[in-house]
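Single-letter residue listing:
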Amino acid sequence: MTEDTPAPRRRGRPSRRAAAEGPDARTRILQAARTEFAERGYDKTSVRGIAKAAGVDAALVHHYFGTKDEVFAAAVELSFEPALVISAILGGPPEGLGERLARYFLSVWENPATRVPLLAILRSALTHEAAAKVLRGFVLRRLLERIAADLDIPDATFRAELAASHMIGIAMLRYVIRAEPLASADPEDIVAMVAPTLQRYLTES
């Protein structure tokens, strides 16, 4: 082996150099994963493909995230940004809770940058049980349970799930199925119609 010949790549744990580049590499992996899942769907996305898109070795993807399911879960979190969701929904007076939930939810879906990966996540969950399990776990543990913990009402988790099912149903009809007239309705009109129902779910005892 000459000086110009690259050393053979070792499998397993990433090198010290790769670890030193960790934060940047991890961000690239997450962004690549979200793009791959959005463009290819859950079934056709692989850890190797994510690694190639991120410009890293597949071992580094496994090092940071483990399995494909775990990469998918991290990509879901990147799309939803739970800390922002919680603060947006729970911040402010209780009488505006339903309106804040409706407006925040629609704002995320109306933004093309976040709508595309969310569509892929939703479609993947509808057609693949592993993806559905990841999405259920994320929505239940990271979002609904934290929202329910702040609600001073009976059956808080059940009510939070009802509110979520209402909004996901709107997302399905408006953005996936594109049923009219809902698909072309002004977002503010949707907020005005939906907010009172969400308010009842989340505040009335």
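Heads up: the structure comes first, above all this text.
Conventions we followed
Residues numbered from 1 in each chain as written. Predicted model: local features only at pLDDT ≥ 70, side-chain atom pairs only at ≥ 80, totals over all residues. Heavy atoms only, no water. Core = buried A, V, L, I, M, F, W, Y, C linked by side-chain atoms within 4.5 Å. Buried < 20%, exposed > 50% of the residue type's maximum accessible area, 1.4 Å probe, protein only. Contact = heavy atoms within 4.5 Å. Helix = DSSP H or I, 4+ residues; strand = E, 2+ residues; numbered from the N terminus. Phe/Tyr/Trp six-rings, centres within 6.5 Å; stacked < 30°, edge-to-face > 60°. Axes fitted to C-alpha atoms, helices over the stretch in contact; angles between N-to-C directions. Parallel < 35°, antiparallel > 145°, perpendicular 65-115°, else oblique. Left-handed = near helix turned anticlockwise from the far one by under 90°. Expected span 1.5 Å × (residues − 1). Bend = angle between axes of the 7 residues up to and from the residue. Polar contact = N/O pair within 3.5 Å; in protein donor to acceptor, adjacent residues only side chain to side chain. Salt bridge = Lys/Arg side-chain N within 4 Å of Asp/Glu carboxyl O.

**As for the nonpolar core**
One finds I29, F37, V56, F72, W109 and L198 to be the most contacted residues of the largest nonpolar core, which totals 61 residues. Beyond its immediate stretch of four places on either side in the chain, F37 contacts Y42, T45, I50, K68, V71, F72, A75 and A120.

**Here's the deal with the environment of L122**
By secondary structure assignment, the location of L122 is in helix α8 (residues 112-127). As for L122 and A38, which are separated by 84 residues in sequence, their C-alpha atoms are 9.9 Å apart. Residues contacting L122, with those up to four places away along its chain left out, are W109, I168, M172 and V176.

**Some points on the packing of aromatic side chains**
How two aromatic rings sit relative to each other is given by the distance of their centres and the angle of their planes. Evaluation of the coordinates by the stated rule reveals 6 aromatic pairs. With 5.0 Å between their ring centres and 80° between their planes, F37 and F72 make a pair best called edge-to-face. One end of the pair, F37, is in helix α2 (residues 22-44); the other, F72, is in helix α5 (residues 68-80), and 35 residues separate them in sequence. For F37, a relative accessible area of 2% puts it in the buried group. Take F72: its relative accessible area is 0%, and that puts it in the buried class.

**Concerning the packing of helix α10 (residues 156-176) against helix α11 (residues 187-203)**
Packing of α10 against α11 leaves a shortest axis separation of 9 Å and a crossing angle of 160°. Relative to α11, α10 is oriented roughly antiparallel. The way α10 lies across α11 gives a crossing that is right-handed. When α10 is examined against α11, the residues R159, A160, L162, A163, H166, M167, I170 and R174 are found in contact with a partner set consisting of P187, I190, V194, T197, L198, R200, Y201 and L202.

**As for α11**
Counted at 1.5 Å a residue, the expected span for α11 with its 17 residues is 24 Å, and the 23 Å between its end C-alpha atoms agrees. The largest bend along α11 measures about 35° and falls at V194, with the proline P196 one to four residues further on. Regarding α11, the residues found buried are I190, V191, V194, A195, L198, Q199, Y201 and L202. Contact partners of the buried residues in α11: α7 (97-110) and α10. For α11, the capping residue at the N-terminal end is D186, with a side-chain oxygen 2.7 Å from the backbone nitrogen of E188.

**Observations concerning the side chain of Q199**
Of note, Q199 is situated in helix α11. The buried category is assigned to Q199, whose relative accessible area is 17%. At 2.9 Å, the side chain of Q199 and the backbone oxygen of P94 are in polar contact. Ignoring sequence-local partners within four residues, the contact set of Q199 consists of P94, E95, G96, L97, G98, E99 and E204.

**Observations regarding the pattern of salt bridges**
Counted under the stated rule, the structure contains 4 salt bridges. Measuring nitrogen to oxygen at the nearest pair gives 2.6 Å for the salt bridge that ties E99 to R103. Separated by 4 residues within a single helix, E99 and R103 lie in helix α7, roughly one turn from each other. Relative accessible area serves as the criterion here: at 38%, E99 is assigned to the partly exposed category. According to the relative accessible area criterion, R103 is partly exposed, its value standing at 31%. The salt bridge partner of R174 is E110, with a shortest N-O separation of 2.9 Å. In this pair, R174 sits in helix α10 while E110 sits in helix α7, placing the two residues 64 residues apart along the sequence. Within the structure, one salt-bridge network assembled from shared partners comprises E99, R103 and E188.

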